[in-house]
Amino acid sequence: MWLALSAVLATEFDEAFTFDCGVSAPSAEHPSPDRGFPLSVQFLREDAVRLLFRPNPEASSTDCSPLDLPYDEYARDPPVAVDSSDDAVELSTDGLSFEIDRGTAAFTVSRDGDRLLDTGIEVANNRGEFRVPPMGYEETVVDNYPLEVTRTGFSTRSDPAESFLGLGEQFTAFEKSGQRVETSVAQAHGTNSDETYAPVPFFLSDRGYGVLVETTADVTFDFGHETPDVTAIDVAAPVLSVVVFAGDSLKEVISSYTGLTGRAPELPAWTYGVWMSRNSYESQEEVLDVAGEIRDRSMPCDVIHVDPQWMDMEAPEMAFDPDSFPDPEGMASRLAEGGFKLSLWEYPYVKTGTDLFRTAVQNGYLVHDHEGRTYIFRRPSYPTARAGIVDFSNPEAVEWWREIHRELIDVGADVFKTDFGEYLPPQTTTADRRTGTAAKNAYPVEYQRAVAGAFEGTDKPAVLWSRSAWASAQQYPVHWGGDTKSTFDGFRASVRGGLSLLASGFQFWSCDIGGYKPAPSETLYIRWAQWGLLALSHPRFHGKTPREPWAVGDRAAEVVGEFARLRYRLLPYYLSYGCEAAATGVPVMRPMALEFEDHPTSSSATQHMVGEEFLIAPVLSDDGSVSVTLPPGEWIDYWSGEYRTGPERRTVTADIDELPLFVRAGSVVPERPSSSRSERPPSGLRYRVYPHRERETTAKFTVRHPEAPDAGSIDVTIDDSWDAVAVTTSGALPSGTVVVENALSPPDRVTVDGTDLADSAVEHDATEQTLRFDIDR
């Protein structure tokens, strides 16, 4: 039975703004409890407020945090004005206000007079039944008579035109209005259902706010599915902790959210290159042969990943199979000499009958069942295998797991693919006394934190490749989209899921280029690869069959090779946005809503931005047709140089060697002069300027590199008559060549940092319509 808040009985403003609220009686047989239920309000920052509802306050203090979030570090404790009357109490900062009605306990959260949350709505039907929860809690009968608090939740009024994004990697419709979504970590077995490996209980609204439900429990979000114009949140836990973030833009909201829940660290430059993988390279000889062929074919690539077969999967001991990989140190050394990093697969399960299992059982490193026995299940991955689950709530188990990884790091591993992590059945118990139900959603974060910690004290940065996730897992990148079918439908769902995750506070995301299985057609492979190489922060080829381009076909080898080389020329662009993502929380690959909130493209399910300059529309059809919607402004076709003016929507047919890629006019895009590998900051770049046609151009780009301590910026101004081009540089900007596109005629004057260039130092190509000159720093 659900008990709804009904009135404010008392207030307590000493340590926190707490309102003791009464609840309404669900029926005559079940009278309301004769006590107050505390609803606490904490303004963390001017534009961030936490609401904490504790039906059992004796079990949860006001400083409790279900996700162990660093509230003390995040909070800025803004001044709060209190306006109290007989009817209501209003708390306000310069950014947000909270107002509660004394007579009903209904409350609002507002920003600049715009109500973001409003619980003053009637959600019962004519029979008094709740289809969605009013602000309150549920009591459930246990053992035939006692009552236990099992759920909490609330409903808030939503605008009929409001759009909602996020909730992690959701493969359903990108825009969530009208949907009912449960955030619950699951083995999704692909991308064609409403289950997901990586849910996140956080959503964005296009009205300029985001909501985090801080919990490890399953949460059901209802965006007008049951009751029109009502957003309902139902948490399977006896504590309701909600944080509302507001901002002038959705990027500000994401930055504020990740300031609390964490951001990815800066990743090394090599991670932004090509990753090559399959399930699986079977031997040391095969790995080295593939690496050699990659170099022989001049295919740029930085990472070779070996899936399960680096171990003897009949008896996996988290050690190289001595028969198939007799000299792993030698193999890793040869890969390093060839410019490759080594990635190894794992899962958090320990197979019975192995020395690893015996050690884990003897020391209590595995989760138990409710009767204290080691929990064992069958088919963790391979059908005949039986295994236990590593208990990452046990500090000793964490250290044991990390030591195993440190030995592999010493051998030469650079990356661990932390696969799986979705299994923690309800009948399990962890060392810190949580049931599987309570610990399941947090398990991916604990798993990835444990493995990332193995890199501490080594000379290598922590780099993972993970499938499962929950809130704050973005701190342990990179995450990928699971086992997608090798079909255009699978491709489409994968893109949609990735954009959803990137709207949920994750900075980086990737997927299996070509799909996981079955073998993709050559056309599908090319379309997936050309998109992935230009859209993904970390492009990885992977599947059940070979994914090297030449293994798919001659045309694939030609086209994909060209796109891979273009990727490496554009690495300064991706690295710069990668560093920015680590600093701000704003992702590299961006849903249209993050850049164009007020335009209909904002709810596009597959078209997206990469950084602020590139607009990409993946080709998701066998015939090459794709609908492209250009937002307002001027856009330049990357391949032809043709200018288009938005808003515009049209269907184009892309040749097999082209991807719809547009550059926002008024941009500077940094490039490397070659497509060779390079981990160090560049000493010379090409700065390609894409000007407006008939108005003044003011373009700027900040170049960043994970190995460079300081950033550098280039500003380019071109007057509307093209009489003068002025370049201003600052910081640690590398020297290089400025290339201005669409230069119909040479300007009268070119200046660099206030100094006029001689005519001989400026080259105008009338055929290519480009203007070139050097900047020497």
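In short, a report on the structure. Since we're looking at a predicted model, the values are computed, not measured.

**Description of the overall build of the chain**
Here's step 1: A count of helices and strands for the chain gives 14 helices and 45 strands.
Here's step 2: Along the first, second and third principal axes, the C-alpha atoms of the chain reach 90 × 70 × 45 Å.
Here's step 3: Per-residue burial for the chain yields a buried fraction of 60% across its 777 residues.
Here's step 4: Once local pairs closer than 6 in sequence are excluded, the contacts in the chain between residues at least 24 apart make up 67%.
Here's step 5: Mean positive and mean negative side-chain charge positions of the chain (66 and 123 charges, respectively) differ by 4 Å.

**Here we look at the environment of Thr437**
Here's step 1: Tracing the chain through its elements places Thr437 in helix H7 (residues 436–439).
Here's step 2: Distance in space between the C-alpha atoms of Thr437 and Ala217 is 7.5 Å, their sequence separation being 220 residues.

**Points about the layout of surface pockets**
Here's step 1: Approximately 710 Å³ is the volume attributed to the largest pocket.
Here's step 2: Around the largest pocket sit 32 residues that line it, and Pro66, Leu67, Thr216, Arg434 and Ala438 are the ones nearest its centre.
Here's step 3: Among the elements that line the lining of the largest pocket, the one with the most residues is helix H8 (residues 443–452), at four residues.
Here's step 4: Tallied by class, residues from the lining of the largest pocket come to 17 nonpolar, eight polar and seven charged.

**Let's talk about unusual backbone geometry**
Here's step 1: Cis peptide bonds are those with omega within 30 degrees of zero, and the linkage from Lys517 to Pro518 qualifies with -5°.
Here's step 2: A cis amide bond links Gly646 to the next residue, Pro647, at an omega of 5°.
Here's step 3: Of note, the phi angle at Asp143 is positive, near 50°, even though the residue is not glycine.
Here's step 4: With respect to the helices and strands, Asp143 occurs in the loop between strand E10 (136–141) and strand E11 (147–157).
Here's step 5: The residue Arg379 is not glycine, and still its phi comes out positive at about 65°.

**Describing the sheet that holds strand E29 (residues 540–541)**
Here's step 1: Strand order in the open sheet formed by six strands is E26-E21-E20-E19-E29-E28, and the pairing between neighbours is parallel. In this open sheet, the two strands that pair with only one neighbour each are strand E26 (415–418) and strand E28 (512–513).
Here's step 2: Summarising the sheet, strand E19 (residues 275–276) and E29 pair through two bridges and their orientation is parallel. From the neighbouring strand, Trp275 faces E29, where its bridge partner is Arg540.

**Examining the pairing of strand E45 (residues 770–775)**
Here's step 1: Sheet topology places strand E41 (residues 735–740) next to E45; five bridges connect them, and they run antiparallel. From the neighbouring strand, Thr737 faces E45, where its bridge partner is Asp774.
Here's step 2: Pairing between strand E44 (residues 763–765) and E45: three bridges, direction antiparallel. Looking at E45, one finds that Glu763 is bridged to Arg772.
Here's step 3: In this antiparallel pair of consecutive strands, E44 and E45, the connection spans four residues, and Gln769 shows a positive phi of 55°.

**A short note on the packing of aromatic side chains**
The geometry of an aromatic ring pair is captured by the separation of the ring centres together with the interplanar angle, meaning the angle of the planes.
Here's step 1: As enumerated under the stated definition, the model contains 46 aromatic pairs in all.
Here's step 2: Ring geometry for Tyr349 versus Phe420: centroids 6.0 Å apart, planes at 75°, classification edge-to-face. Separated by 71 residues along the polypeptide, Tyr349 in strand E22 (residues 349–351) and Phe420 in the loop between E26 and strand E27 (428–429) bring together distant segments of the chain.
Here's step 3: Between Phe416 and Phe455, the aromatic rings sit 5.8 Å apart at their centres with planes inclined by 55°, giving tilted as the arrangement. Taken as a pair, Phe416 in strand E26 and Phe455 in the loop between H8 and helix H9 (488–502) lie far apart in primary sequence, 39 residues in all.
Here's step 4: Of the residues examined, Phe416 reaches a relative accessible area of 0% and is grouped as buried.
Here's step 5: Members of the aromatic cluster, joined through ring pairs, are Phe563, Tyr573, Tyr574, Tyr577, Phe614, Tyr638, Trp639 and Phe701.
Here's step 6: Above the plane of the ring of Tyr74 lies Arg45, whose end atom (NZ or CZ) is 3.7 Å from the centre.

**Remarks on empty space enclosed by the protein**
A probe as big as a water molecule, rolled over the atoms, marks out the empty space that is left.
Here's step 1: All told, the structure shown has four cavities of 30 Å³ or more when counted by the stated rule.
Here's step 2: Met311, Pro316, Glu317, Met318, Tyr347, Tyr349, Val350, Lys351, Leu356 and Trp401 together form the lining of the second largest cavity.

**Description of helix H4 (residues 328–337)**
Here's step 1: Restricting attention to buried positions, one finds in H4 the residues Pro328, Met331, Ala332 and Leu335. Along the axis of H4, the buried residues cluster in a sector spanning 95°; they form a single face. Residues Glu329, Arg334 and Glu337 are exposed on H4 and point more than 90 degrees away from its buried face.
Here's step 2: On its buried face, H4 is in contact with helix H3 (284–296), strand E20 (303–306), strand E21 (341–346) and helix H6 (395–411).
Here's step 3: Looking at the residues trailing H4, positive phi occurs at Gly339, about 85°.

Reading the values: rules and limits
- Residues numbered from 1 in each chain as written.
- Predicted model: local features only at pLDDT ≥ 70, side-chain atom pairs only at ≥ 80, totals over all residues.
- Heavy atoms only, no water.
- Helix = DSSP H or I, 4+ residues; strand = E, 2+ residues; numbered from the N terminus.
- Buried < 20%, exposed > 50% of the residue type's maximum accessible area, 1.4 Å probe, protein only.
- Contact = heavy atoms within 4.5 Å.
- Lys, Arg positive; Asp, Glu negative; His and termini not counted.
- Charge placed at Lys NZ, Arg CZ, Asp CG, Glu CD.
- 1 Å grid on protein atoms, 1.4 Å probe; cavity = no way out; pocket = protein on both sides within 12 Å on 5 of 7 lines; lining within 4 Å.
- Points joined across faces, edges and corners; volume = space filled by probe spheres on them.
- Nonpolar A, V, L, I, M, F, W, Y, C, P; charged D, E, K, R; others polar.
- Pairing = 2+ DSSP bridges.
- Phe/Tyr/Trp six-rings, centres within 6.5 Å; stacked < 30°, edge-to-face > 60°.
- Lys NZ or Arg CZ within 6 Å of the ring centre and 35° of its normal.
- Arc of directions from axis to C-beta.

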